[in-house]
2 protein chains.
Amino acid sequence: MILVTAIAAAALAVVTYSPPPTLKWQQVAPGVWRAQVGKKEAVTLLSAAGSVPDKPGLAKLPKVTEAPIPFEHAGGELVENHAVASIPLSKDEKLYGLGLQMHGSDRRGGVYHLRMDHYSSGKDRLHAPTPLYISSKGYAVLFNTARPIAIYAGVGNRQGDPANPTQRDRNTDPNWDPQPASDAVEASVQAGGLEVLVFAGPTPLDAMRRYSLYCGGGAMPPKWALGFWHRVPLSFSAEQAESEARQFEQRNYPLDVLGLEPGWQSSSYPGSFDWSPVRFADPAGFMKSMTQSGVHVNLWENPYVSEKSRLFEPLHTYFGSHTVWLGAVPDLNVPAAAQIIRDHHKQVGVDLGVSGYKIDEVDGVDVWLWPDHARFPSGLPGDEMRQVYGVLWQRELDRLFHDSGKRTFGLVRGSNGGASRFPFAIYSDTYDHREYVTGITSAGLAGVMWCAEARSAANGEEWVRRMQTAVLSHIAQLNAWSDGTKPWSFAGYEEPVRKAMQFRIEILPYLYTAFAQYHFEGTPVIRAMSLIDGGGETDQYMLGDSILAAPMFAGEKSRKLRLPAGRWYDYETGEYAGANQVIEVTPALDKIPLFVREGALIPTIAPQLHAGSPASTLIVRHYGDVPGSARLYDDDGQSYDFEHGNCAWYKLTTENGSSGQKTRTSAGSDWNDAYHEIIWRHIGSKH
Amino acid sequence: MILVTAIAAAALAVVTYSPPPTLKWQQVAPGVWRAQVGKKEAVTLLSAAGSVPDKPGLAKLPKVTEAPIPFEHAGGELVENHAVASIPLSKDEKLYGLGLQMHGSDRRGGVYHLRMDHYSSGKDRLHAPTPLYISSKGYAVLFNTARPIAIYAGVGNRQGDPANPTQRDRNTDPNWDPQPASDAVEASVQAGGLEVLVFAGPTPLDAMRRYSLYCGGGAMPPKWALGFWHRVPLSFSAEQAESEARQFEQRNYPLDVLGLEPGWQSSSYPGSFDWSPVRFADPAGFMKSMTQSGVHVNLWENPYVSEKSRLFEPLHTYFGSHTVWLGAVPDLNVPAAAQIIRDHHKQVGVDLGVSGYKIDEVDGVDVWLWPDHARFPSGLPGDEMRQVYGVLWQRELDRLFHDSGKRTFGLVRGSNGGASRFPFAIYSDTYDHREYVTGITSAGLAGVMWCAEARSAANGEEWVRRMQTAVLSHIAQLNAWSDGTKPWSFAGYEEPVRKAMQFRIEILPYLYTAFAQYHFEGTPVIRAMSLIDGGGETDQYMLGDSILAAPMFAGEKSRKLRLPAGRWYDYETGEYAGANQVIEVTPALDKIPLFVREGALIPTIAPQLHAGSPASTLIVRHYGDVPGSARLYDDDGQSYDFEHGNCAWYKLTTENGSSGQKTRTSAGSDWNDAYHEIIWRHIGSKH
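Counting from 1, residues in each chain are numbered in the order their sequence is written. Lettering of chains starts at A and numbering of ligands starts at 1, both following the order in which they are written. Totals for whole chains, interfaces and linings use every residue, but because this is a predicted model, local features are given only for residues with pLDDT of at least 70 and side-chain atom pairs only at 80 or more, for both listing and counting. With hydrogens and water stripped out, all remaining heavy atoms of the structure feed into the side-chain values.

**Some remarks on the interface of chain B and chain A**
Convention followed: Pairs of residues are marked as contacts when any of their non-hydrogen atoms sit within 4.5 Å. Put simply, buried area is how much 1.4 Å-probe accessible surface two parts lose in total, over both of them, once they are put together. In the sections that follow, a salt bridge refers to a side-chain nitrogen of Lys or Arg positioned within 4 Å of a carboxyl oxygen of Asp or Glu. For this analysis, a polar contact is any N or O atom pair within 3.5 Å, provided that within protein one partner can donate a hydrogen and the other can accept it, and provided that sequence-adjacent residues contribute only side-chain to side-chain pairs. Secondary structure elements follow DSSP: runs of H or I of four or more residues count as helices, runs of E of two or more count as strands, with numbering from the N terminus. Gly counts as polar in this scheme, as do all residues outside two lists: the nonpolar Ala, Val, Leu, Ile, Met, Phe, Trp, Tyr, Cys and Pro, and the charged Asp, Glu, Lys and Arg.
Listed as interface residues are 98 residues of chain B and, on the opposing side, 97 residues of chain A. When chain B packs against chain A, close to 8300 Å² is buried across both sides, 56% of that on carbon and sulfur atoms. Looking at the side of chain B facing chain A, the largest losses of area belong to Gln167, Leu326 and His373 of chain B, adding up to 10% of the total buried there. Applying the counting rule to chain B against chain A returns 4 salt bridges. There are 50 residue pairs in polar contact (both at pLDDT 80 or more) connecting chain B and chain A. When contributions to the side of chain B that touches chain A are tallied by element, the ones reaching two or more residues are α1 (2-9), α2 (45-49), β3 (75-79), β4 (82-88), β6 (110-116), β10 (149-153), β11 (184-189) and α9 (382-404) of chain B. Here the residues of the side of chain B that touches chain A sort into 42 nonpolar, 34 polar and 22 charged.

Structure below.
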């Protein structure tokens, strides 16, 4: 009884009802409040991302006239080695977000131990464990910490809290509640401090916009990146890769990006970061040939450095204490290390025309990654480094491409809060189609993008349905690294697959505008129904302002979906679908259930093989029986000149869809309009 | 790029190969070494358990002549907020233990984030997350911390470690290894300190013995607790409970303990801790009636105090900051609180004859328990309190019964390192039969006991097989709290169930001796094959010194099992089964595959309804064709007088099984031999 004696001698802290003391809340941007529990931490999510708030963007959001939450009840404190925040919650509030979740929508009533990891099936270990939640009441909260964090989302009751529900006897009371209602979200990290940021709405979507803009705005990818991507098998040579690209053209399938997997490197796991002299004897020649065929090249890599790599020696003082697959782990928080990495990627990749990277395995699987207690030169412990390592790689590669003046779009296996502005989409080793679609919906609630890539299928029907989902996500990709599948691999199913890929090209002006909204206004490209009208569906979502997508799954001939308020029309046929109701559709295999809101205009282009090729004719699709209008954004599609005003916003209007106006709404730019011709089409009518 | 600038200004810690510095290892008991990383923590697992090493017991273990591990390579350090230990590992070493695991045997190659919880299906959240591993090389390591801990069991390679395997190119080398061999177990906690204890062997079983004895020895339950237990449905009244007990007697089924579930209390979830005046109007009368019928009463409770409870006011300054089902959580590390709890249990329970408790829901489920950051008067944060809360309750109830002079045996839903000496077995809400059997094997590797209770079944066959497993675990229990199942519930299957229950009574002298070995010598009652001969089986195990048990599962008419070295005989028939080989058996439904080692004697008694009733005739079963011997322990079976020498050890020997000797081997006790008659039976022969 050693302990008892020791404690008897100490003074006891009496615990009665003691909510954490109110924090000092300070408005740090329009509609954004900040508070600090304990000490400021050396690294946070936003500092790791190098986030600089987009103040002009934030200034354009709705004025906030009242506090988004009752700040007087929003407290925090240190409890032993935990920094704790407590944010009040009202009775009928729903909570969304808490990372790139693959199941469900409403997070209230759960406990989330958010940690960067290879996603398996739970709610805690995610490819993007963003500690951000959005309330149905129209605000968002970010726990801006790079630590693994525990979030009690409306779970738990404090002893003596007068707001607690009445105690009931489970023996006899049928109204006994196994999880009594709680009036707070509590979060804690094992650290000396925790920063909390609150983003006002007034709507949940506004709150999400405010979050994105506070992180610096959303990513602005090049146009070509919105076309179709195809990754070739592991150890393809230059000749094989070129042949694969040629086949797309010969068979008339769109292709903008060809992805090379580990075999482009002279060695991998750990990597050399140099071209294989065997499989790619003439990298410059290969890159030139690809570029000439209008196809961009994306290179796979994971960040673990072989001792045989040219990078090893210059980086050797900047490695962490532990290896991954025996490869050394460079600490990108060390500026000199980041510089070495950027310089090498410039020389070996960007200068040859490489368009971007796929940063693999920055997320985890415990037995592969460094341990929680790994030591890094910049001082971050392993667990914190793991939360942000994918963000650091995005930051450095984004900087490299920005410095080069060429936009990029890439893939990354792990991201986190603060990374909205980085042009990278997450992907996963899992392959459940329903989880993939849920991932599409939840990405926008985590401030990240998601690539629901297709890889293989048990049969042609599944292949078509997966490819249809792929083109409805942030990057439209076939990843054949393991299976060698091609769009035309399933005989008899070539046409519906081509049609889905062409649809992706067709909506380029619409999709590009949605990305501009993300970049300049913070609005996620793809929006969960929870952000639209509080709907909890995770198998349907809004793609941009006006298209409702409801992907099909193999084995299902029909599905139900919910049309929000307003009248909705079939994207393709213009057939009236319904208004504010649940409908059941039975789409043919070649058809993606897509619906357009009445009064919307969808700016499109005619089919072409490369999204990156210039298009001068705009085809504007008008739906419904009321006058239509839409916004359109354009720029050169590849450089960063848009940051200096070389871009334009337009307003498209029509009375009846057979003719209309395109009016420039942004001023003061030297951008020359690229769409010289407009074809107006009235697609949908109730009559 | 705020961070980058900040770090640029700071001095960088160059990380090259830097294993943690060697710790100062100090021998603290015969064959037990201790080292401290960082500062000594206020609470550890062993301090929470109030462990006092059994020095006389330890002194009797084999002398240790060489260091169990190369201590010069066993290091530790602080890395930011982590305390880290690194214990060397040789190439062909296997690791067992790491808590009450429900899958597999060898833990090498896994990462374990050990945390107290309701077991679901993983390897991290366990009812007993004991951070203890046993090496096939014959030593054990305990990370003596009450913190949640991450253990990298032979996972991870340090940068620059000359012992690392050669780097290989995954692109081309078929020998590329996804998980390169590691030469250490690394463990870390988020805390300022971590204590490490190393227990020498020479065998793995010796290491386990040393661990148990260092914790104060194993539990010594009363004899009656080794009989059959039956828990009645949730809201049974005194009359219903008495009737249920009577039925066991009338139908000739053994019964020693009747368990009452939440309904014995006037309110539950949260609890009143007082008898229900409705269902138990006369607790004293009820208890007297039960005691007279030879049946002991065990009371369910979870530790969460209703504001309507008489305990609430006296305890109110000793509660944690958060509730569980709105019930207040008393801090048992506060001596005054513990005293109040003990006094109440004495008055309401022990003084009336209550024989023990079932301490429910001390383990977790995050949405039910207090958060990691909960504050407790004694200073423990919530996550640390959760690791040891079940241990604290065991400690206090054990003390209460000890003070009362009556031995107890109870159930608890969460335990941990240091708790070996507490007479409690863990149980679970899960119900997978194979997992239950694995639990039986792994309990002994976690220093805890496990109750593979039967509750219900889909059919009679499953019921029999589950009841057969129940009687082969530390507590033999039917838990009918939810289903109301009785041993005779499946028509046509009454007899095999009765036979299994009678077997449990029959082996009482053997089983009681095994518990005495646990108590005095530290040897687990049930031993995984890994402790016996390094076997990895998790569906067979040793019960005591000489019986090999291989439970059957429903739907299987036959099974394979491995007989270790030596010749083995069927327990029941004495038929020769094999030697050092895998055999396949096809047991009838009423038969449990049990095998006895040649030369063993199994001391048994004749069938009786209560293990707690006196038995004066010993039936000694002899197996094989060589002379037999066995040890036998005895005492009064209920008091603590054995601690003062009122007990005896005997040696049983026979030449041929038809006659033999019982010789007292322990000296100086006033114990009067209870077995006045011995019947010798030769059961098994090869000829």
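**Some words on the packing of aromatic side chains**
Residue and element names in this part refer to chain B. Here is the rule: Between 30 and 60 degrees the pair is tilted, below 30 it is stacked and above 60 it is edge-to-face, where a pair is any two Phe, Tyr or Trp rings, Trp via its six-membered ring, whose centres lie within 6.5 Å. Each residue is assigned to one of three classes by its accessible area relative to the maximum for its type, calculated with a 1.4 Å probe on protein chains only: buried under 20%, partly exposed between the two thresholds, exposed over 50%.
Under the criterion given, the structure shown has 70 aromatic pairs over all chains. On the numbers, 5.1 Å between centres and 80 degrees between planes, the contact of Trp370 with Tyr389 is edge-to-face. Residue Trp370 is located in the loop between β16 (356-359) and α9, and its partner Tyr389 is located in helix α9; the two are separated by 19 residues in the primary sequence. The exposure classification of Trp370 matches that of Tyr389, with both residues buried. Between Tyr431 and Tyr436, the aromatic rings sit 5.8 Å apart at their centres with planes inclined by 90 degrees, giving edge-to-face as the arrangement.

**Considerations on the sheet that holds strand β32 (residues 677-684) of chain A**
Residue and element names in this part refer to chain A. Keep this limit in mind: By the convention used here, strands pair only if DSSP detects at least 2 bridges between them. Angles run from 0 to 180 degrees between N-to-C directions of axes, and those axes are lines fitted to C-alpha atoms, restricted for helices to the stretch in contact.
Taken in spatial order, the 3 strands of this open sheet run β27-β28-β32, and their pairing is mixed. For this open sheet the edge positions go to β27 (601-604) and β32, each flanked by a neighbour on one side alone. Neighbour-to-neighbour, the strand axes of the sheet open up by a mean angle of 20 degrees, direction not taken into account. Relative to strand β28 (residues 617-623), β27 runs antiparallel, the two being bridged by 4 bridges. For Ile602, the partnering residue across the bridge sits in β28 and is Arg621.

**A short note on the relation of the copies chain B and chain A**
One copy of the chain maps onto the other through a rotation about an axis plus a displacement along that axis. What counts here: To line up the copies, we fit them by least squares on C-alpha atoms, keeping just the residues with pLDDT of at least 70 in both.
Here chain B sits on chain A after a turn of 180 degrees about the axis and a move of 0.0 Å along it, with an RMSD of 0.0 Å. The superposition of one copy onto the other is thereby described by a two-fold rotation axis. Among all residues of chain B, the one whose C-alpha sits closest to the rotation axis is Gln190 of chain B, at a distance of 3.6 Å. Interface residue correspondence from chain B to chain A reaches 98%, placing this contact among same-surface, isologous pairings.

**Details of the pairing of strand β20 (residues 476-479) of chain B**
Residues and elements named next belong to chain B. Across the two faces of β20 the burial is the same, with Ala476 and Leu478 and Gln477 and Asn479 all buried. Note: strand β13 (residues 228-231) against β20, 4 bridges, orientation parallel. Paired with Phe228 across the bridge in β20 is Ala476.

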